[in-house]
Amino acid sequence: MATLRITKHGEDVLKRVSEPVDFDKLKKKLPGLLKDMWATMYGVNGVGLAAPQIGLNIRLAIIDVRPDQKPQRLVLINPEIVSKEGGIDEEEGCLSVPGLYAKVKRYARVRIRATDHHGKPYEMSGEGLLARAFQHEIDHLDGKLFIDHLSLTERLRVARILKDLRLNWT
Ligand SMILES: [Zn+2]
């Protein structure tokens, strides 16, 4: 088990649309890969991590928003949103943009379809932080970061902050 370097805003791997996962091809490597991803995410107190954040452009992400303070490990392979409703404006951050938080408008409730770590398809509904995490992680697989959702004025404000923050990123 290893903690991996998390890619940062500005790196190409975060801007690319990731490739669908062929489960049978990834099956052998998946347990080791997931172990490293969990260790990396928990190591920095994250609630979600997508493969591009460890330098892989494949449609794989993990989420644990700890409902009721208990772990709930979700593996999302080739996830897609099947329904969405409502809207909510809340502060959001990202392990690939450390130190920056901004209000982002998201759907309040979403239902996703994905494949789990056994290769089994499932559907799951989420609201609150889980709904936000679903949208945030799927965005990563489409080459988008939360700051791409900001208004032009907000983005200009954030650009100045990012310049300073970036000096401390590794
Ligand atoms: Zn993120």
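Before reading further, recall that the structure is shown in the block above.
Model, not experiment: these values are computed from the prediction.

**Student:** Explain the overall build of the protein to me, please; I cannot follow it from the model alone.
**Tutor:** Helix and strand counts for the protein stand at 4 helices and 7 strands. Since a compact globule built from 170 residues should have a radius of gyration of about 15 Å, the 16 Å found for the protein is in line with a globular shape. Seen along its three principal axes, the alpha-carbon backbone of the protein occupies a region of about 45 × 35 × 30 Å. Per-residue burial over the protein gives 25% buried out of 170 residues. Within the protein, contacts between residues separated by at least 24 positions form 64% of all contacts whose residues are at least 6 apart in sequence.

**Student:** Before we go on, may I ask you to explain unusual backbone geometry in this structure?
**Tutor:** As a rule of thumb, non-glycine residues mostly have phi less than zero, and peptide bonds are mostly trans rather than cis. Phi at Asn-45 takes a positive value of approximately 55°, unusual for a residue other than glycine. If you check the backbone angles, Asn-78 has positive phi at about 50° while not being a glycine. Checked against the element boundaries, Asn-78 lands in strand 3 (residues 74–85). Since 18 C-beta atoms lie within 10 Å of it, Asn-78 is described here as partly exposed.

**Student:** What should I look at first to understand the sheet that holds strand 2 (residues 60–63) in this one?
**Tutor:** Strands sit in the order 1-2-3-6-7 across an open sheet of 5 strands; the sheet is antiparallel. Each of the sheet's edge strands pairs with one partner strand only, and the pair in question is strand 1 (48–50) and strand 7 (121–127). The mean inter-strand angle of the sheet, taken between neighbouring strand axes irrespective of direction, is 35°. One ladder, built from 4 bridges, connects strand 2 with strand 3; its direction is antiparallel. Within strand 3, the position partnered with Ile-63 by the bridge is Leu-74.

**Student:** Before we go on, may I ask you to explain the environment of Pro-20 in this structure?
**Tutor:** Inspection of the secondary structure puts Pro-20 in the segment before helix 1 (23–26). Since 11 C-beta atoms lie within 10 Å of it, Pro-20 is described here as exposed. Linking Pro-20 and Lys-84, residues 64 residues apart in sequence, is a C-alpha distance of 22 Å. Look past the residues within four positions of Pro-20 in its chain and what remains in contact with it is Arg-59 and Asn-78.

**Student:** Would you mind showing me how to read helix 2 (residues 30–43) here?
**Tutor:** For an α-helix the count is 3.6 residues per turn, leaving residues at separations of three or four pointing the same way. Between its first and last C-alpha, helix 2 extends 19 Å over 14 residues, near the 20 Å set by a 1.5 Å rise per residue. Within the span of helix 2, buried status applies to Met-37, Thr-40 and Met-41. One face of helix 2 carries all of its buried residues, which in axial projection span an arc of 95°. When the buried face of helix 2 is taken as reference, the exposed residues oriented beyond 90 degrees from it are Pro-31, Gly-32, Lys-35 and Gly-43. In this structure, the buried side of helix 2 is in contact with strand 1 and strand 2. Looking one or two places after helix 2, you find Asn-45, whose phi comes out positive at around 55°.

**Student:** What is the right way to look at the environment of Glu-90 in this model?
**Tutor:** Looking at the secondary structure, you find Glu-90 in strand 4 (residues 88–92). You can call Glu-90 exposed: it has 12 C-beta atoms within 10 Å. Residues Glu-90 and Ala-102 lie 12 residues apart in sequence; the distance between their C-alpha atoms is 7.8 Å. Among residues more than four places away in sequence, those in contact with Glu-90 are Lys-103 and Arg-132.

Calculation rules
- Residues numbered from 1 in each chain as written.
- Predicted model: local features only at pLDDT ≥ 70, side-chain atom pairs only at ≥ 80, totals over all residues.
- Helix = DSSP H or I, 4+ residues; strand = E, 2+ residues; numbered from the N terminus.
- Rg over C-alpha atoms; globule rule 2.2 N^0.38 Å.
- Buried ≥ 20, exposed ≤ 12 C-beta atoms within 10 Å, placed from the backbone.
- Contact = placed C-beta atoms within 7 Å.
- Pairing = 2+ DSSP bridges.
- Axes fitted to C-alpha atoms, helices over the stretch in contact; angles between N-to-C directions.
- Expected span 1.5 Å × (residues − 1).
- Arc of directions from axis to C-beta.

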